[in-house]
Amino acid sequence: MNPQPFREAVIDLDAIRGNVAAIARQVAPAQVMAVVKADAYGHGAVPVARAAIAGGAEWLGVADIAEALALRDAGIDAPVLAWLHDPAEAFAPAIEREVDLGVSSAPQLQAIADAAASVARPAAVHLKIDSGLSRNGVAPEEWGAVVAAAARGEREGSLRVRGVFSHLANTSPEEDTRQLAAFEAALAAASDAGLAPEVRHLASTAAALRMPAARFDLVRIGIGSYGVPPFGDGTTAEELGLRPAMTLRARVAAVRRVEAGTGASYGHIWRAERPTTLALVPLGYADGVPRQASNRAEVWLAGARRPVVGRIAMDQFVVDVGDDAVAPGDEVVLFGDPLTGAPSADDWGDAADTIGYEIVTRIGARVPRTYVGGP
Ligand SMILES: *Cc1c(COP(=O)(O)O)cnc(C)c1O
């Protein structure tokens, strides 16, 4: 029998399908866009996209056009929106393959209209207003000119304004409410210019769950699809009715009994205070296990939470199991569903002064993804 791999990220596609379905129920009648950028936050864009569609997602969202085209190459024909473009982007391939394009400036809108003319088919665009994030999106003072140009493009047949959208800073309820008002003003201006977008969308996971007024016609759900809480306030996946989809695990590579005073890993930032047993875990920062979590994170091993001791290295780190029995080949879980006893991705985020998003997204290419469940 094939033993469990040396290291792997197990992706539970039924969890993804269930998470999307749970959020879809909660936000209805708004639709759900499953955000699968960055290889679906490290989970694998194509299998996740299929699972999300099975869970009721009617849209897919990505950052780059290349990510959208990879979905098309895999045979996925659901509506896809890409919103972050190279200033020199060639938009024609995206238009030909029916990728909807986010628009963040007047020159970008013009480039898209020109590309649409070159392939003799209208580009479906979603105009993005910067409602206060000061990142991507049309600056408010340019919004009037952009909606006027978009309306002209619709009349000329080069553009179809399918959406108007924005993105929240998740700074505070007050700030989100200010952004919501800015978004509504932008919608009114679009309407005054003669635009009638099919989907108005503002909320990502956090606002979709906690700010019903931000749901409009469509919510863009990234982290919630993966069963990782968006809030960073200790709210658990279970409390949100979600289930973590990724379990990062490995098999213990070696076990060593050491005397009191023995240092472990680079720099000996940790020394045994008593005789103890150390287990070697074959994952390191090359695999996305943050070195910042050295001496702070915990893993699940031999039926209990165990501390990571000493520096996390490129390929490996050490866990203190005390006097408990552990053997090479035993399963060790870095994070997964906390209902199993394992830490969550958020626990690792806390240990590394970051967020669960970054923990799952950075799991490296050396870690094979194994899929369970799914359509
Ligand atoms: C990444 C992203 C999302 C998804 O955010 P989550 O917090 O993961 O749900 C939504 N909208 C935009 C514009 C994004 O860049």
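Residues numbered from 1 in each chain as written. Predicted model: local features only at pLDDT ≥ 70, side-chain atom pairs only at ≥ 80, totals over all residues. Heavy atoms only, no water.

### Looking at the sheet that holds strand β19 (residues 369–372)
If you walk across this open sheet you meet the nine strands as β11-β14-β17-β16-β15-β18-β10-β1-β19, and the pairing is mixed. The open sheet terminates on both sides in strands that have one partner only, identified here as β11 (254–258) and β19. Sheet twist, expressed as the mean angle between neighbouring strand axes with direction ignored, is 35°. In this structure, β11 lies alongside strand β14 (residues 276–281), joined through five bridges in antiparallel fashion. Note on β14: the bridge partner recorded for Arg256 is Leu278. (Pairing = 2+ DSSP bridges. Helix = DSSP H or I, 4+ residues; strand = E, 2+ residues; numbered from the N terminus. Axes fitted to C-alpha atoms, helices over the stretch in contact; angles between N-to-C directions.)

### Side note on the UniProt feature "active site" (unreviewed entry) in the chain
Under the feature "active site" (unreviewed entry), the UniProt entry names Lys37 and Tyr266. For the annotated residues, spread through 230 residues, the largest C-alpha to C-alpha distance comes to 35.3 Å, inconsistent with a single compact locus. None of the other annotated residues line the largest pocket; only Lys37 do. If you trace the backbone, Lys37 turns up in helix α2 (residues 37–41). Among residues more than four places away in sequence, those in contact with Lys37 are Gly61, Val62, Ala63, Glu67 and Trp83. (UniProt positions renumbered as here; feature names shortened; annotations may be inferred. 1 Å grid on protein atoms, 1.4 Å probe; cavity = no way out; pocket = protein on both sides within 12 Å on 5 of 7 lines; lining within 4 Å. Contact = heavy atoms within 4.5 Å.)

### Structural notes on helix α1 (residues 13–27)
Taking 1.5 Å as the rise per residue, α1 with 15 residues should run 21 Å; its terminal C-alpha atoms sit 21 Å apart, in good agreement. Residues of α1 that are buried include every one of Leu13, Ala15, Ile16, Asn19, Val20, Ala21, Ala22, Ile23, Ala24 and Val27, and no others. As for α1, its buried residues are in contact with β1 (7–12), β2 (31–35), α3 (45–54), α9 (205–210), β9 (218–221) and β19. At the N-terminal end of α1, a side-chain oxygen is found 2.9 Å from the backbone nitrogen of Asp14, two or three residues along, and the residue is Asp12. (Expected span 1.5 Å × (residues − 1). Buried < 20%, exposed > 50% of the residue type's maximum accessible area, 1.4 Å probe, protein only. Polar contact = N/O pair within 3.5 Å; in protein donor to acceptor, adjacent residues only side chain to side chain.)

### What to know about the packing of aromatic side chains
Throughout the structure, instances matching the rule amount to five aromatic pairs. The structure contains a cluster of three or more aromatic residues connected by ring pairs, namely Tyr41, Tyr226 and Tyr357. Residue placement shows Arg210 over the ring face of Phe231; its charged tip is 3.4 Å from the ring centre. (Phe/Tyr/Trp six-rings, centres within 6.5 Å; stacked < 30°, edge-to-face > 60°. Lys NZ or Arg CZ within 6 Å of the ring centre and 35° of its normal.)

### Observations concerning the pairing of strand β17 (residues 317–322)
Across the six residues that make up β17, a large majority, six, are buried. Residue alternation in β17 divides its side chains into two sets, Phe317, Val319 and Val321 and Val318, Asp320 and Gly322, and both sets are buried. Where β14 lies against β17, five bridges are found, and the strand directions are antiparallel. Bridge assignment links Val281 to a residue of β17, and that residue is Phe317. Judged from the two bridges that link them, strand β16 (residues 304–309) and β17 form a sheet pairing that is antiparallel. Across the sheet, residue Val309 finds its bridge partner in β17, namely Val318.

### Observations regarding the pattern of salt bridges
Any two side chains of opposite charge can pair, on the condition that their charged atoms come close. Enumeration over the complete set of coordinates arrives at 21 salt bridges. Its salt-bridge partner being Glu198, residue Arg162 comes within 3.4 Å of it at the nearest N-O pair. Of this pair, Arg162 sits in strand β7 (residues 159–165) while Glu198 is found in the loop between α8 (173–192) and β8 (199–201), placing the two residues 36 residues apart along the sequence. Here Asp233 and Arg210 are joined by a salt bridge, their closest N and O atoms 3.2 Å apart. Of the two residues, Asp233 sits in the loop between β9 and β10 (246–251) while Arg210 sits in helix α9, which places them 23 residues apart along the sequence. On the basis of relative accessible area, Asp233 is assigned to the partly exposed category, the value being 46%. Overlapping salt bridges, with partners in common, bring together Asp100, Arg160, Arg162 and Glu198 in one network. (Salt bridge = Lys/Arg side-chain N within 4 Å of Asp/Glu carboxyl O.)

### Details of the site of the ligand
For the ligand, the set of nearby residues contains 14 residues, the closest of which are Lys37, Tyr41, Thr205, Ile223 and Tyr357. One of the side-chain nitrogen or oxygen atoms of Tyr357 is found 2.6 Å away from an oxygen atom of the ligand. In isolation the ligand offers 390 Å² of accessible surface; the protein chains occlude 94% of this area. More than half of the atoms belonging to the ligand lie within 2 Å of the grid points that define the largest pocket. Residue assignment for the shell around the ligand shows that the elements contributing at least two residues are α2 and β9. Tallied by class, residues from the shell around the ligand come to six nonpolar, four polar and four charged. (Near = heavy atom within 4 Å. Areas by Shrake-Rupley, 256 points an atom, 1.4 Å probe, with all protein chains shown as cover. Sits in = over half its atoms within 2 Å of the grid points. Nonpolar A, V, L, I, M, F, W, Y, C, P; charged D, E, K, R; others polar.)

### Here's the deal with the UniProt feature "modified residue: N6-(pyridoxal phosphate)lysine" (unreviewed entry) in the chain
Within the UniProt annotation, "modified residue: N6-(pyridoxal phosphate)lysine" (unreviewed entry) is assigned to Lys37. The exposure class assigned to Lys37 is partly exposed, which follows from its relative accessible area of 26%.

### Notes on the nonpolar core
Counting 120 residues, the largest nonpolar core has Leu127, Phe317, Leu334, Phe335 and Trp348 as the members making the most contacts within it. Tallying contributions element by element places α1 first for this core, with seven residues. Here this core spans two domains, and each of domain 1 (13–226) and domain 2 (246–372) adds at least three residues to it. The next biggest cluster of nonpolar side chains, apart from the first, holds seven residues, and it includes Ala264, Trp270, Leu278 and Val318. (Core = buried A, V, L, I, M, F, W, Y, C linked by side-chain atoms within 4.5 Å. Domains from an automatic or database assignment.)

### Topic: the side chain of Thr235
Within the fold, Thr235 resides in the loop between β9 and β10. A polar contact of 3.1 Å, which involves the side chain of Thr235, links it to the side chain of Arg210. For Thr235, the side chain forms a polar contact with the side chain of Asp233, separated by 2.5 Å. When neighbours within four sequence positions are excluded, Thr235 is seen to be in contact with Arg210, Pro229 and Leu240.

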